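Read off the chains here:
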Amino acid sequence: EMLKGEQDKALESVVGSSDFANDNADGRKIYSYTQTLCGFAAMLTDAEATTFKSMKNVVGVQEDFAMELDTSGTPDFLGLTDEQEGLRNHFGLRGEDVIIGIIDTGAVQEHPSFSDNRLHELPAHCESPTTSAHTHSCYRKWLKYSKTVYGPPPAHWNGICQAGERWSETDCNNKLI
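Let me begin by describing the structure that accompanies this report. (Residues numbered from 1 in each chain as written. Predicted model: local features only at pLDDT ≥ 70, side-chain atom pairs only at ≥ 80, totals over all residues. Heavy atoms only, no water.)

1. Quick word on the overall build of the chain
Next up, step 1: Along the backbone of the chain there are five helices and four strands.
Next up, step 2: Reading the chain from its N terminus to its C terminus gives the helix and strand order α-β-β-α-α-α-β-α-β.
Next up, step 3: Burial status across the chain gives 16% buried among its 177 residues.
Next up, step 4: Taking all contacts inside the chain whose residues are at least 6 apart in sequence as the whole, residues at least 24 apart take part in 47%.
Next up, step 5: Taken as a whole, the chain presents about 14,000 Å² of accessible surface, with 52% of it coming from carbon and sulfur. (Helix = DSSP H or I, 4+ residues; strand = E, 2+ residues; numbered from the N terminus. Buried < 20%, exposed > 50% of the residue type's maximum accessible area, 1.4 Å probe, protein only. Contact = heavy atoms within 4.5 Å. Areas by Shrake-Rupley, 256 points an atom, 1.4 Å probe, with all protein chains shown as cover.)

Listed below in structure tokens is the structure:
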């Protein structure tokens, strides 16, 4: 709360409003960052942004802009799933024991990219099997194609799953630790 208060004072000194209840500077303060870094997102005029840039306790001011995603399926995009021709085979990549320290992308923990299970699409007839043979076949395929493929974190990892805003410890799994 102390960091948010300091942010609000800085914003008030530039914008001239003192209505910052619920992270709101006349509707212009969007978000306060207080965990990995100290800062805030706000709608500013060019003149206000210039004023912030000149303040001695401000490290930087960056304009936000929309970016188009190249992919939401990075392994396919990088050729990591093609065992014969892709980068995975060429460089002998396996992805084991790789730990990424901070993800600050607004990760949606339900996204398939963060699943610790190998999930492959089942045949269309598995959507609503019409025979007991299809049911049995689909169940066997489901068992085969939906396995947990990531074991527990490597022994040398000594972190925790850090709970935060809209993120609980149960949102972590064996891939997203």
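There is more to say, and it comes next.
2. Details of helix 2 (residues 46-54)
Next up, step 1: Those residues of helix 2 that fall on the buried side of the exposure criterion are Glu48, Ala49 and Phe52. The buried residues of helix 2 all sit within an arc of 100° when viewed along its axis, so they share a single face. For helix 2, the exposed residues lying more than 90 degrees away from the buried face are Asp46, Ala47, Thr50, Lys53 and Ser54.
Next up, step 2: Where helix 2 is buried, its residues meet helix 1 (2-15) and strand 2 (39-42). (Arc of directions from axis to C-beta.)

3. Focus on the pairing of strand 1 (residues 29-33)
Next up, step 1: Here strand 1 pairs with strand 2 via four bridges, running antiparallel. For Ser32, the partnering residue across the bridge sits in strand 2 and is Phe40.
Next up, step 2: Count of turn residues in the strand 1/strand 2 antiparallel hairpin: five residues. (Pairing = 2+ DSSP bridges.)

4. Quick word on helix 1
Next up, step 1: Its 14 residues place the ends of helix 1 20 Å apart at the C-alpha level, agreeing with the 20 Å of an ideal helix rising 1.5 Å per residue.
Next up, step 2: Two residues or fewer past helix 1, Gly16 is found with a positive phi of approximately 90°. (Expected span 1.5 Å × (residues − 1).)

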